[in-house]
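# A structural walkthrough
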Amino acid sequence: MIVTTLNRRYAKSFLDLAVEQNVLEVVKDDMAFILEVIESSRDLRIMLKSPVINEDKKSSVLDAVMGSSVSALTNAFIKIILKKGRESQLEGIAHGFKNLYREHHGIEEAVITSAHELTAAQKEDIRTKLKGVTGSAIEIHEIIDPSIIGGVKIRVGDKQYNGSLAYQLEQLKRQFQENQYIADF
């Protein structure tokens, strides 16, 4: 998801407040929960973005869904977002918070795409190698995509390594199509 400047500002303010009150880890868990709930419910996303549904109704739905699952500080933050009419931005703010939390702790996200689920040892090996390259702690997000046939694709920030079998076969196909070998008879 694209995090807008507005989302980042709200997320930064909330992160700063959580650091100031020494509850950053609790708030991080709250924001991860909020993100999970919003991403798993299409109806909730539609309701939050609807200009027809009033603030009171949205507030009562969010209280019912999130209620005691999040801290008092996070509940207060959600109320502020509702009063400002920014509830449609809650998902983006949660993504922005997640990104800022990683920056705050010097963590980089590595997106690993493989044809089959990687073992814990394989993930740890990749994490160790990426940490050596980036100098940062690595958080792994795994995607299973059988279309890559074998191997892995790894993306860290704006850098990507494509070691998939599908990519290598495509490269081989291109080389054969160029047909640079012309026989001398």
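Provided above is the structure to which this section pertains.
Residues numbered from 1 in each chain as written. Predicted model: local features only at pLDDT ≥ 70, side-chain atom pairs only at ≥ 80, totals over all residues. Heavy atoms only, no water.

### Remarks on the packing of helix α1 (residues 5–20) against helix α2 (residues 24–40)
Interaxial distance between α1 and α2 falls to 8 Å at its minimum, and their mutual angle equals 145°. Residue-level contacts link Phe-14, Leu-15, Ala-18 and Val-19 of α1 to Leu-24, Val-27 and Met-31 of α2. (Axes fitted to C-alpha atoms, helices over the stretch in contact; angles between N-to-C directions. Helix = DSSP H or I, 4+ residues; strand = E, 2+ residues; numbered from the N terminus. Contact = heavy atoms within 4.5 Å.)

### So, the packing of helix α3 (residues 42–49) against helix α4 (residues 55–66)
Running from N to C, α3 and α4 cross one another at 150°; their axes reach a closest spacing of 10 Å. Between α3 and α4, the angle is such that the two are roughly antiparallel. For the pair α3 and α4, the crossing hand works out as left-handed. In this structure, α3 uses Leu-44, Met-47 and Leu-48 to contact α4, whose residues at the interface are Lys-58, Val-61 and Leu-62. Of the residues contributing to the contact of α3 with α4, the split by class is five nonpolar, no polar and one charged. (Parallel < 35°, antiparallel > 145°, perpendicular 65-115°, else oblique. Left-handed = near helix turned anticlockwise from the far one by under 90°. Nonpolar A, V, L, I, M, F, W, Y, C, P; charged D, E, K, R; others polar.)

### Describing the pattern of salt bridges
In this structure the tally under the stated criterion is 11 salt bridges. The shortest N-O distance in the salt bridge between Lys-79 and Asp-63 comes to 2.9 Å. Residue Lys-79 is located in helix α5 (residues 72–83), and its partner Asp-63 is located in helix α4; the two are separated by 16 residues in the primary sequence. Of the charged contacts, one joins Glu-124 and Arg-127 as a salt bridge, the two residues approaching to 3.0 Å between their closest N and O atoms. Placement of both Glu-124 and Arg-127 in helix α7 (residues 120–134) is noted, with a separation of three residues, approximately one turn of the helix. The class of Glu-124 is partly exposed, set by a relative accessible area of 39%. (Salt bridge = Lys/Arg side-chain N within 4 Å of Asp/Glu carboxyl O. Buried < 20%, exposed > 50% of the residue type's maximum accessible area, 1.4 Å probe, protein only.)

### Remarks on the sheet that holds strand β3 (residues 152–156)
If you walk across this open sheet you meet the four strands as β2-β1-β3-β4, and the pairing is mixed. What marks the edges here is a single partner per strand, and that holds for β2 (137–144) and β4 (159–162). Recorded for the sheet is a direction-independent mean angle of 15° between the axes of neighbouring strands. Contacts from α7 reach β1 (107–114), β2 and β3, with the element oriented near 135° to β2. (Pairing = 2+ DSSP bridges.)

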